[in-house]
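One-letter residues, chain by chain:
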Amino acid sequence: MIVKRRKVPLRLKINDAVLRRLPETHPKRAGVMQDSMRFGAGHKGEVNLDYYTNLLHEDDFHIFQGLRLKTGETHFQMDSLLLSPSFASIIESKNMAGTLTFNSHFNQMDRSLNDKTDTFDDPLLQAKRHRILLLKWLNLHHYPMIPIEYLVFSSNPSTALRNPYNDPEIYHRVCPPSRLIFKIEEFLSKYKNEELTVKEHKRLSKLLLKSDQPPESHLPKLQILPSEYLTGVQCPSCNRYAMERYSGTWNCNHCGATAKDAHLQALEDYFLLFNSSINNRQFRAFVHLPSQKLASKLLAKSNLLATGSTKGRRYQPK
């Protein structure tokens, strides 16, 4: 049973909004685009991991996708956590093309691609660290020390995996896609004794879900001033910010395309880049809309949560 489903990461949503709103010549576009490519590849690998864990029998596990917990001052996010009454399994996903070589002597991993080799920390170290932190979290919440397994999932089926030192841990815990389900079935066969009662299992799942702490916005780190972003409503056809509202629709002055609800994307960009709520005046200024009455009508129909009196009313996502 999937208790927590994976969502598109906030970081990717913010990056998309930044790239939509920054001028093409802005010096920070390249860095944001590179960040998006890296995090986008990671998210794609996690989605591929979800495909395989979804093949498990729904009664065997409570599945948490992208669960982020806090223990002490430390936050840690597990790509997937499988929780059964007998054991838990942490799975970390790596989506890298090319050849991955695990150097267990130095706890490093080399990725060779297109005649270039890059070195990374051994992903097994991250999985082990998350195991230690999860055990600490369980202890802080007075739960028994259930067995916790950990795996690294290589999500790209064309990636070659190399273990030059014949390290048994790497053979045991690094999985290409086709092997993942069989590894989990091995764990199911290994752990027969139930460490948690049915009631404890359900209660722990509820606590894990309640304790999830989504990451904060990384926007302040980009150090982009609000005045540097483009305003207006973007045309879905030519991507120009050249749309005006008349005759009940948005009309592009550049390519002639029309769109009924093009302002919804502008509202999403505003909430990601500027503020978690918006009022009528701010909306009109952002989408270049002169009519206060029309702005109120569009905001009222935008499936937003309205708070405050008529004069001080603000709107925010539900």
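Under an unreviewed UniProt entry, the chain has the name NERD domain-containing protein and belongs to Mesobacillus boroniphilus.

Within the structure shown, the criterion is met by 13 salt bridges. A salt bridge links arginine 29 to glutamate 24; the nearest nitrogen and oxygen atoms lie 3.9 Å apart. Given the relative accessible area of 10%, arginine 29 is considered buried. Across the pair arginine 173 and glutamate 149 runs a salt bridge, and its minimum N-O distance is 2.8 Å. Here arginine 173, found in helix α4 (residues 168-173), pairs with glutamate 149, found in strand β8 (residues 148-154); they are 24 residues apart in sequence, far enough to count as distant. An identical accessibility class is assigned to arginine 173 and glutamate 149; each is buried.

Moving on: unusual backbone geometry. Positive phi, normally seen in glycine, also occurs at aspartate 115, with a value near 60 degrees. Inspection of the secondary structure puts aspartate 115 in the loop between β6 (108-113) and β7 (116-121). Phi angles above zero are rare outside glycine, and histidine 288 is one such case at about 60 degrees. Mapping histidine 288 onto the fold places it in the loop between α9 (280-287) and α10 (292-300). Given the relative accessible area of 49%, histidine 288 is considered partly exposed.

Judged by pairing direction, the sheet is antiparallel, and its three strands sit side by side in the order β14-β16-β15 without closing on themselves. In the strand order of this sheet, the two ends are held by β14 (278-279) and β15 (304-307), each with one partner. In the sheet, β15 pairs with strand β16 (residues 314-317) via four bridges, with the strands oriented antiparallel. When the bridges of β16 are listed, leucine 304 appears paired with proline 317.

Okay, the nonpolar core next. Ranked by internal contacts, the top residues of the largest apolar core, which has 30 residues, are Leu81, Leu134 and Leu208. Secondary-structure elements contributing two or more residues to this core are β2 (62-71), β3 (74-83), β4 (88-94), β5 (99-103), α3 (123-140), β8 and α6 (198-211). For this core, the leading source of residues is α3, giving seven residues. Leave out the neighbours within four places in its chain, and leucine 134 touches Leu69, Phe76, Met78, Leu81, Ile90 and Ile148.

Moving on, we get to α10. Taken together, the buried positions of α10 are occupied by Ala295, Leu298 and Leu299. Buried residues along α10 cover an arc of 100 degrees about the axis, so they all sit on one side. Away from its buried face by more than 90 degrees, α10 exposes Lys293 and Ala300. Capping of α10 at its N-terminal end is provided by serine 291; its side-chain oxygen lies 3.4 Å from the backbone amide nitrogen of lysine 293.

Thresholds, definitions, all that
Residues numbered from 1 in each chain as written. Predicted model: local features only at pLDDT ≥ 70, side-chain atom pairs only at ≥ 80, totals over all residues. Heavy atoms only, no water. Salt bridge = Lys/Arg side-chain N within 4 Å of Asp/Glu carboxyl O. Buried < 20%, exposed > 50% of the residue type's maximum accessible area, 1.4 Å probe, protein only. Helix = DSSP H or I, 4+ residues; strand = E, 2+ residues; numbered from the N terminus. Pairing = 2+ DSSP bridges. Core = buried A, V, L, I, M, F, W, Y, C linked by side-chain atoms within 4.5 Å. Contact = heavy atoms within 4.5 Å. Arc of directions from axis to C-beta. Polar contact = N/O pair within 3.5 Å; in protein donor to acceptor, adjacent residues only side chain to side chain.

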